[in-house]
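Listed below, chain by chain, are the residues.
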Amino acid sequence: MKQLRDRVQQLAQANQAQIVAIRRHLHENPELSFQEFNTAKFIAKTLREFGFEVQEGIANTGLVVVIKGKNPSKRTIALRGDIDALPIQEENTVSYKSKVEGVMHACGHDVHTSSLIGTALILHSLQAEFEGTVKLIFQPAEEKAPGGAINMIKEGVLQNPAPAIILGQHVCPIIPIGKVGFTKGTVMASADEIYITVKGKGGHAASPHAAVDPILIASHIIVALQQIVSRNTDPLKPCVLSICQIKAGEATNVIPEIVNLSGTIRTVSEEWRKEAHKKITHLCQSIAEGMGGTCEVNIGQGYPPTYNHPVMTERTFEAACNYMGHDNVHYMDMNMGGEDFAYYAQQIPGCFYMIGIQNIDKGINSFVHTPTFDVDEKVLEIAPGLMAWLALHELAVSED
Ligand SMILES: [Zn+2]
Ligand SMILES: [Zn+2]
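Just so you know, these numbers come straight off a predicted model, no measurement behind them.

1. Some remarks on the overall build of the protein
If you tally the helices and strands in the protein, you get 9 helices and 16 strands. The C-alpha radius of gyration of the protein comes to 24 Å, within 12% of the 21 Å expected for a compact globule of 400 residues. A principal-axis box enclosing the C-alpha atoms of the protein has dimensions of 80 × 50 × 40 Å. Sorting the 400 residues of the protein into buried and exposed places 53% on the buried side. A fraction of 81% describes how many contacts in the protein between residues 6 or more apart in sequence connect residues 24 or more apart. Working note: accessible area of the protein is about 17,600 Å², and carbon and sulfur atoms make up 51% of it. Positive and negative charge centroids in the protein, built from 33 and 43 side chains respectively, lie 3 Å apart.

Set out below in C-alpha cells:
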C-alpha cells in the first residue's frame with residue numbers, strides 16, 4: 001500500500017500545475033447555479049482531451065465520468081464535486097480574478113471541480129492497480145435550492161452502476177493548508193427559508209387607533225421567534241433562526257398595510273425541523289391575530305441535514321491519516337451551513353470532509369461567500385491526491 005500511496009502523491013504533484021490552470025480558468029469564468037452551461041462544456045472538453053468518456057446534460061448541466069478498474073463489476077464508489085458560483089463581486093486583485101461582473105467562485109466550487117478532474121487523472125493512471133468502478137459526479141447548482149443533487153439523483157446518477165458509498169469535500173477557510181477535518185454523524189445543518197407576510201390596515205401615523213400597525217406586529221414576531229430557538233429547541237441539538245430581511249413602508253407618516261419578513265432556520269434533526277416549521281407558523285399567526293392583523297407563513301424546504309456515516313467516516317479518517325500524517329487530520333465540530341450532498345448521503349453511506357486552504361502568511365484567510373475569498377493553491381495538489389487515495393481505500397472495502 002505504501003508504494004501505491006507514493007505513486008498517488010507523485011501523480012498529484014506532477015499534475016498540480018495543470019490542475020491550477022483548470023481552476024484558474026473556472027475562477028475567471030464563473031456561472032451562477034442552474035446556468036453552468038459554459039462551465040459544463042469546459043469540463044467535458046477538458047476531460048475528453050485527457051481521454052475520458054463523458055456523459056453530459058444530466059440535470060441540464062451535470063456531468064458523469066466512469067473509470068473502470070480491473071474487475072469493474074466489483075465495488076462501485078462515487079466522488080462528487082459541485083461546479084456553480086455565487087452572485088458576489090470579486091474584490092481580489094489576483095491575475096485570475098473573475099471576468100464576470102457580479103459573479104464569483106466565492107465558495108471554492110472551482111477548486112472542487114478542478115480537484116475532481118485531478119482525482120480522475122490520478123485514478124486513470126492507476127487503472128491497473130484497483131478493482132471496481134469509480135463514478136465521478138460533477139454537480140450543478142449547489143448554492144441555490146432546490147439544488148442540483150436532487151435532480152441528478154432523479155436522473156439516475158446513483159444507478160447503473162449503483163455506487164455503494166459517496167465521498168465529497170469542501171474547502172474550509174478556518175483549516176490551514178495541509179490539514180483536513182472530518183465529522184462523524186451530522187456534519188452540516190438543514191437550511192430552510194422562511195417567508196412571512198404580515199397584513200395590517202394602513203393609515204395616518206397620527207391616528208394609529210384607526211389602523212392596524214403591521215410594523216409593530218412584525219416587531220413582536222421577530223422577537224418572539226427567538227423563543228423557538230431558546231425555549232423550544234433541545235439545547236443539545238443546534239438550531240439557528242435568523243430573520244435577515246424586513247421590507248415595509250415608504251414614508252415617515254404612513255402606517256403601511258404590509259410587512260414582509262424573511263430569514264432562515266437551520267437545524268440537525270429532521271423531527272425537530274418539521275416540528276419547528278409548525279411552531280413558527282402557529283406563533284406568527286397567533287401574534288398577528290392577537291394584535292388585529294393576519295399573517296401568512298411560507299417555509300421553503302431547503303436541504304436536509306448532511307449525515308456522515310460513522311463507520312465509513314472512521315475508515316476515511318484512518319485512510320486520510322495514512323496519506324497526510326496523523327498530525328494533519330482531525331475530527332471537528334459540525335457547522336450550520338447547508339449542503340445538498342445531504343441528498344446523496346440519504347441514499348447511500350456518505351462522507352463529506354473539510355479540506356484546509358487557509359494560509360495566514362500569504363493573507364489567505366477570508367471566509368467562503370465573501371468578496372475576498374481565495375485559497376492556497378497548494379490544495380490543488382493535496383485535494384486531488386487525497387480523494388484518489390480515499391477512493392482506492394473505499395474500492396478495497398469488502399461488501400460483507
Ligand atoms: Zn457556498
Ligand atoms: Zn460550497
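2. Some words on the domain arrangement of the protein
Domain boundaries in the protein define domain 1 (2-189 + 305-395) and domain 2 (191-303). Computed over C-alpha atoms only, the centres of domain 1 and domain 2 are separated by 38 Å. Contacts between domain 1 and domain 2 engage 17 residues on the former and 11 residues on the latter. For the pair domain 1 and domain 2, the summed buried area comes to about 1,000 Å², and 65% of that belongs to carbon and sulfur atoms. Looking only at domain 1, the three residues that lose the most surface to domain 2 are Ala189, Pro305 and Met336, adding up to 51% of its buried area. Linking domain 1 with domain 2 are 0 salt bridges, by the criterion used here. Where domain 1 meets domain 2, there are 3 residue pairs in polar contact (both at pLDDT 80 or more).

3. Quick notes on the nonpolar core
Counting 69 residues, the largest nonpolar core has Leu79 and Phe138 as its most contacted members. At 12 residues, the largest contribution of residues to this core is made by helix H9 (residues 379-395). For phenylalanine 138, the residues in contact, after removing those within four places along its chain, are Ile43, Leu47, Gly62, Leu63, Val65, Gly81, Ile83, Thr113, Leu116, Ile117 and Met152. Core analysis: the second largest hydrophobic core is formed by 24 residues, Cys239, Trp272, Ala276 and Ile280 among them.

4. Describing the coordination of the zinc ion (ligand 2)
Around a metal, the perfect tetrahedron of four donors has angles of 109.5 degrees, and the perfect octahedron of six donors has angles of 90 or 180 degrees. Protein-derived ligands of the zinc ion (ligand 2) are Cys107 (SG), His109 (NE2) and His170 (NE2), with the metal-ligand distances lying across 2.1 to 2.4 Å. For the zinc ion (ligand 2), the single-chain donor residues occur in sequence as C-x1-H-x60-H. Between the zinc ion (ligand 2) and the zinc ion (ligand 1), both coordinated by cysteine 107, there is a metal-metal distance of 3.2 Å. Both residues of the pair, cysteine 107 and histidine 109, belong to the buried class.

5. Structural notes on the layout of surface pockets
As a volume, the largest pocket reaches approximately 860 Å³. Taken together, 37 residues make up the lining of the largest pocket; nearest its centre are Glu143, Arg266, Gly337, Gly338 and His369. For the lining of the largest pocket, the elements supplying multiple residues, two or more each, are strand E5 (165-176), strand E8 (191-199), strand E10 (239-247), strand E12 (258-267) and strand E13 (294-303). Broken down by class, the residue content of the lining of the largest pocket amounts to 17 nonpolar, 12 polar and 8 charged. What the second largest pocket holds in volume is close to 200 Å³. Along the walls of the second largest pocket sit 13 residues, with Phe130, Glu131, Leu392, Leu395 and Ala396 positioned nearest its centre.

Thresholds applied
Residues numbered from 1 in each chain as written. Chains lettered and ligands numbered in written order. Predicted model: local features only at pLDDT ≥ 70, side-chain atom pairs only at ≥ 80, totals over all residues. Heavy atoms only, no water. Helix = DSSP H or I, 4+ residues; strand = E, 2+ residues; numbered from the N terminus. Rg over C-alpha atoms; globule rule 2.2 N^0.38 Å. Buried < 20%, exposed > 50% of the residue type's maximum accessible area, 1.4 Å probe, protein only. Contact = heavy atoms within 4.5 Å. Areas by Shrake-Rupley, 256 points an atom, 1.4 Å probe, with all protein chains shown as cover. Lys, Arg positive; Asp, Glu negative; His and termini not counted. Charge placed at Lys NZ, Arg CZ, Asp CG, Glu CD. Domains from an automatic or database assignment. Buried area = accessible area lost by both parts, 1.4 Å probe. Salt bridge = Lys/Arg side-chain N within 4 Å of Asp/Glu carboxyl O. Polar contact = N/O pair within 3.5 Å; in protein donor to acceptor, adjacent residues only side chain to side chain. Core = buried A, V, L, I, M, F, W, Y, C linked by side-chain atoms within 4.5 Å. Donors = N, O, S within 2.8 Å, 3.2 Å for Na, K, Ca; no water. 1 Å grid on protein atoms, 1.4 Å probe; cavity = no way out; pocket = protein on both sides within 12 Å on 5 of 7 lines; lining within 4 Å. Points joined across faces, edges and corners; volume = space filled by probe spheres on them. Nonpolar A, V, L, I, M, F, W, Y, C, P; charged D, E, K, R; others polar.

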